[in-house]
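As a plain string of letters, each chain reads:
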Amino acid sequence: MLKIYNTMTREKEIFTPLEEDTVKIYTCGQTVYDDVHIGNARTYSSWDVVIRYLRYKGYNVFHVQNFTDVGHLTDDADQGEDKIEKRAREQKVNPWELVDKQIEEYWHVIDDLNINRPNITPRATSLIPEMIELVETLLEKGYAYEVQGNVYYDISKFNDYTKLSRLKLDEESAKARVDQDPLKRNFFDFALWLNAQKGDQVHVMRWNSPWGEGYPGWHLECSVMAMKYLGETIDIHGGGIDHIPTHHPNEIAQAEAATGKKFVRNWMHAEFITLNGKKMSKSLGNYVTARELIDKHGGLVVRMGLVSGHYRSAVDWNPDVIENAKKNISRIQNSLSLIKDSPGGSNTNLNQAIDDVKKVFEEAMDDDFNFPKALAAIHEFITKINSSLDNKKEILDEAGNTLLELLGVFGLDFTKKKGVDDAKINKLMDLIINIREKARKEKNYELSDQIREKLRAVGIQIEDKTDGPRWKLT
Ligand code: AMP
Ligand code: ZN
């Protein structure tokens, strides 16, 4: 029986989806103004393991994860700027162009880390009419009010606004760093819709609405995207722990006020990665990008590092994480080679070990996805395999397949050919692309076209973008 820790009740609860075999899950996705850092990547890897395990258990999982491409302000109190517009201005590019580029980068990272792509990945900007509709409903029902082209949610109208966060709002507002926005009735009211005109600045991404030209608030976007694709009540909603105080209470307030139904049955929150003890975040500027680590160590090593700790325990990202990941990977690769090279014997004792590892692995994962305990079971199994190479060949093969299957739940794919890892491929492609660029600069188009065609023949496509060439597998 699977138990999941539900942040709403602060308890592990037996998991039963609303529909017998189907799990509907929504996870808060990337605000696409910057590269994926290793903290984001850990949260996405954790959800990937959760989903893979649910599928391993036979559930049909439907996963929606959004791209926030407008409306996420630099400040939770709605006083700041839109992160995407701010970055676009700094880089002197159009915000839509920045978003496109970041989404492309995002997929490269996700694929390199072997994170399964969600079933649907909507961009917030693709559902503006639905967002306007939800704001209208909240206004009609008396949960929202309009001031100067902004629409705010009045949290005093929603019963039990703090049921998820368990915050004492009086104390929180007293220690808050910003003054109350004069347009708001209560300190913790939040923007559903924002006026595109702020001072003499006009928001580039803007839409017509009953309240004038504007754009949606970040919290509104997630409620709309979740309900649009998953229905009014969803089984699991995930996000980092930073969403417990504000973003997720706001999602609940919007959805439940509009529908009168429970929005989420299980709230899951992933702990943060810290860097030298400090929260790793894009806004603080202290972060390591997933890309730089993948290029240096390969996707498999980084992925191993990311899933080694419990999703509800904080991890400090220090050099030991990568070193341990490398050691563990070598140990697994070594055992798989031993299995392959062994001629086998007549022993059969590994049969028991195969049953045992599955049982211990499942017990660990059923207990709120205890990643370290499940990985420890796999390592014990490896020790057993290494000392049981005299088992019958078919039993050894089954042990190898079991190992691959359980590692696969962690998104650790050991079926790729040894020696060909992402880091090496990336380096090789950089080299080839540089040679082609040099040829193009020297107007040697015969050579540059030849390189492009030869790569196309082996399933690699080069695209010449405004900021330089890119490659992808076709
Ligand atoms: P953002 O792009 O900032 O909206 O974050 C995308 C996802 O990454 C959200 O689920 C965040 O909660 C999560 N996240 C942000 N920073 C970290 C971190 N340092 N460690 C783990 N998860 C994080
Ligand atoms: Zn969200």
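Residues numbered from 1 in each chain as written. Chains lettered and ligands numbered in written order. Predicted model: local features only at pLDDT ≥ 70, side-chain atom pairs only at ≥ 80, totals over all residues. Heavy atoms only, no water.

## Re the pattern of salt bridges
Note the threshold: Definition used for salt bridges: Asp or Glu carboxyl oxygen within 4 Å of a side-chain nitrogen of Lys or Arg.
Counting across every chain of the model gives 30 salt bridges. The salt bridge involving Glu213 is made with Arg206; its shortest N-O contact spans 3.1 Å.

## Points about the coordination of the zinc ion (ligand 2)
Inclusion rule: Metal donors: N, O and S atoms at distances within 2.8 Å, or within 3.2 Å for Na, K and Ca, with water omitted from the atom set so that some sites may seem incomplete. All geometry calls rest on donor angles, where a four-donor set with angles between 85 and 135 degrees is tetrahedral, four- and six-donor sets with opposite donors more than 155 degrees apart and all others between 65 and 115 are square planar and octahedral, and all else is irregular. Only DSSP runs of H or I covering at least 4 residues are called helices, and only runs of E covering at least 2 are called strands; the numbering of each starts at the N terminus. Under the scheme applied here, a residue whose accessible area is under 20% of the maximum for its type counts as buried, over 50% as exposed, and between as partly exposed, the area being computed with a 1.4 Å probe on protein chains only.
Coordination of the zinc ion (ligand 2) by the protein involves Cys28 (SG), Cys222 (SG), His247 (NE2) and Glu251 (OE), with metal-donor separations of 2.1 to 2.7 Å. Classification of the site at the zinc ion (ligand 2) as irregular follows from its four donor atoms and the range of 74 to 132° in their angles at the metal. Counting gaps between the donor residues of the zinc ion (ligand 2) yields the pattern C-x193-C-x24-H-x3-E. Of this pair, Cys28 sits in the loop between strand S3 (22–27) and helix H1 (38–56) while Cys222 sits in helix H6 (residues 218–230), placing them 194 residues apart in sequence. Classification of Cys28 by relative accessible area gives buried; the value is 6%. Judged by its relative accessible area of 0%, Cys222 is buried.

## Let's talk about the domain arrangement of the protein chain
The condition is simple: As used throughout, domain bounds are those supplied by an automatic or database domain assignment. Two residues qualify as a contact provided that any one of their heavy atoms is within 4.5 Å of a heavy atom in the partner residue. Summed over both partners, the accessible area (1.4 Å probe) lost when two parts come together is defined as the buried area.
Here the domain parsing of the protein chain yields domain 1 (3–270), domain 2 (275–409) and domain 3 (422–473). A separation of 33 Å is found between the C-alpha centroids of domain 1 and domain 2. On the side of domain 2, 36 residues touch domain 1, which itself brings 36 residues to the contact. Where domain 1 abuts domain 2, roughly 3,200 Å² becomes buried across the two surfaces, and 60% of that area is made up of carbon and sulfur atoms. When the area that domain 1 buries against domain 2 is broken down by residue, the three leading residues are Ile38, Arg42 and Tyr56, summing to 24%. Scanning the region where domain 1 abuts domain 2 turns up four salt bridges.

## Examining the packing of helix H2 (residues 83–91) against helix H3 (residues 95–112)
Let me state the cut-off plainly: Angular values range over 0 to 180 degrees, each being the angle between N-to-C directions of two axes fitted as lines to C-alpha atoms, with helices fitted over their stretch in contact. Should an angle fall under 35 degrees it is called roughly parallel, over 145 degrees roughly antiparallel, and 65 to 115 degrees roughly perpendicular, with every other angle called oblique. In this classification, Asp, Glu, Lys and Arg are treated as charged, Ala, Val, Leu, Ile, Met, Phe, Trp, Tyr, Cys and Pro as nonpolar, and every other residue, Gly included, as polar.
Across the interface, H2 lies against H3 with an axial gap of 9 Å and an inter-helix angle of 100°. As far as their axial angle goes, H3 and H2 are roughly perpendicular. From H2, Ile84, Glu85, Arg87, Ala88 and Gln91 reach across to H3, where they touch Pro95, Leu98 and Val99. Here the residues of the contact of H2 with H3 are counted per class, giving five nonpolar, one polar and two charged.

## With respect to helix H10 (residues 319–341)
Applicable threshold: A helix is expected to span 1.5 Å for every residue after the first.
Between its terminal C-alpha atoms H10 stretches 33 Å, which fits the 33 Å expected from 23 residues at 1.5 Å a residue. Among the structural elements, helix H8 (290–297), helix H9 (299–307), strand S15 (315–316), helix H12 (371–386) and helix H13 (393–409) are those in contact with the buried residues of H10.

## Examining the site of ligand 1
Applied cut-off: Neighbouring residues are identified by heavy atoms, a residue being near a molecule or strand if any of them is within 4 Å of it. For the purposes of these results, a polar contact is taken to be a pair of N or O atoms within 3.5 Å, where, inside protein, one atom must be able to donate a hydrogen and its partner to accept one; residues adjacent in sequence count only when each atom of the pair is a side-chain atom.
Around ligand 1 sit 19 residues, and of these Thr31, Thr43, Asp242, Ile273 and Met280 come closest. Within the backbone of Ile273, an N or O atom sits 3.0 Å from a nitrogen atom of ligand 1. At four residues, H1 tops the list of elements feeding residues into the shell around ligand 1. Tallied by class, the residues present in the shell around ligand 1 amount to five nonpolar, eleven polar and three charged.

## Observations concerning the environment of Asn347
Within the fold, Asn347 resides in the loop between H10 and helix H11 (350–366). The exposure class of Asn347 is partly exposed, given its relative accessible area of 32%. In the structure, Asn347 is positioned 192 residues away from Ile155 in sequence and 68 Å away in space, judged by C-alpha atoms.

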